[in-house]
Amino acid sequence: MIFTVAIDGPAAAGKGTISRAVAAHFGFAHLDTGALYRAVGVKGGDPVAAAQTLTPEDLARDDLRTLEAGQAASRVAVIPEVRAALFDFQRRFARAEGGAVLDGRDIGTVICPEAEVKLYVTASPEVRAHRRWLELGGDAAEVLAQVKDRDARDMGRADAPLRPAADAVEIDTSELSIEEAVARAIEVVRARL
Ligand code: C5P
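This write-up is about the structure you can find in this document. (Residues numbered from 1 in each chain as written. Predicted model: local features only at pLDDT ≥ 70, side-chain atom pairs only at ≥ 80, totals over all residues. Heavy atoms only, no water.)

Observations regarding the overall build of the protein chain
Broken down by element type, the protein chain carries 10 helices and five strands. Expected size for 193 residues packed as a compact globule is a radius of gyration near 16 Å; at 16 Å, the protein chain falls within 12% of this value. Seen along its three principal axes, the alpha-carbon backbone of the protein chain occupies a region of about 45 × 35 × 30 Å. Burial statistics for the protein chain: of 193 residues in total, 47% are counted as buried. Within the protein chain, contacts between residues at least 6 apart in sequence are counted, and of these 75% link residues at least 24 apart. (Helix = DSSP H or I, 4+ residues; strand = E, 2+ residues; numbered from the N terminus. Rg over C-alpha atoms; globule rule 2.2 N^0.38 Å. Buried < 20%, exposed > 50% of the residue type's maximum accessible area, 1.4 Å probe, protein only. Contact = heavy atoms within 4.5 Å.)

In structure tokens form, the structure reads like this:
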């Protein structure tokens, strides 16, 4: 069976948690596409060359989840050649036999516009910054500024900007528990299977 669940949305909206839970529930493979951009961002050197030569070791680095890696990722993600270098891998993953969940910014709009299910997972900037702060600590005002900065760059870039696909189902997690958000996502997928 070929079945793609595309989950897009801004930083810290709950995409990762929802994606992992949906993949585990239905036995689908899961790809966190943000990790690809984070790995390119922290690798250093020429980002296009880094994207073209990305290895499993690059994706296993333990510094990929930091705020700095997130900022570095969103800076290399504006480069069309970087996005192009990562396209085929994501595309093959999305349409591989067995079902796949991909989370990112452009899965439903660019990587897999024909995805069987598209979710747009969002929450207010304040709620998202608070979640990131609980996870990573640091200065709360600085975390909020970084979240807003990354939103602006991801939504404002010319190539594959973050936006909901026309046929995406929106889940606003601002006032949902993790369990409620996951249950809603599973329900949407189940209805399309
Ligand atoms: O989802 P995550 O916070 O790990 O993504 C890091 C950055 O990578 C995002 O802010 C965005 O700039 C970029 N990204 C992207 N397209 C994707 C996934 C991530 O441009 N599909």
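Side note on the pattern of salt bridges
Summed over all chains, the structure comprises 15 salt bridges. Taking the shortest distance from any N to any O, the salt bridge between Glu126 and Lys148 comes out at 3.9 Å. Taken together, the residues Glu126 in helix α8 (residues 125-136) and Lys148 in helix α9 (residues 140-156) connect sequence positions 22 residues apart. With relative accessibility at 44%, the residue Glu126 sits in the partly exposed group. Overall, the relative accessible area of 41% leaves Lys148 in the partly exposed class. Residues joined in a network through salt bridges with shared partners are Arg91, Arg95, Glu114 and Glu116. (Salt bridge = Lys/Arg side-chain N within 4 Å of Asp/Glu carboxyl O.)

What about the nonpolar core?
One finds Val5, Ile18, Val22 and Leu119 to be the most contacted residues of the largest nonpolar core, which totals 21 residues. Listed by contribution, the elements that provide at least two residues to this core are β1 (4-8), α1 (15-26), β4 (117-122) and α10 (178-192). In terms of residues, this core owes the most to one element, α10, which gives six residues. Excluding residues that lie within four positions of it along the chain, Val5 makes contacts with Phe28, Ala100, Val101, Leu102, Val117 and Val189. In terms of nonpolar packing, the next biggest core, distinct from the first, is built from 11 residues, Leu36, Val40, Ala51 and Val76 among them. (Core = buried A, V, L, I, M, F, W, Y, C linked by side-chain atoms within 4.5 Å.)

Quick look at the packing of aromatic side chains
Within this structure, the stated rule accounts for two aromatic pairs. Ring plane angle 45° and centroid distance 5.8 Å describe the contact between Phe3 and Phe28, whose orientation is recorded as tilted. With a gap of 25 residues between them, Phe3 in the segment before β1 and Phe28 in the loop between α1 and β2 (29-32) connect regions that are remote in the sequence. Relative accessible area serves as the criterion here: at 8%, Phe28 is assigned to the buried category. Taken together, the aromatic side chains of Phe3, Phe26 and Phe28 make up a single cluster linked through ring pairs. (Phe/Tyr/Trp six-rings, centres within 6.5 Å; stacked < 30°, edge-to-face > 60°.)

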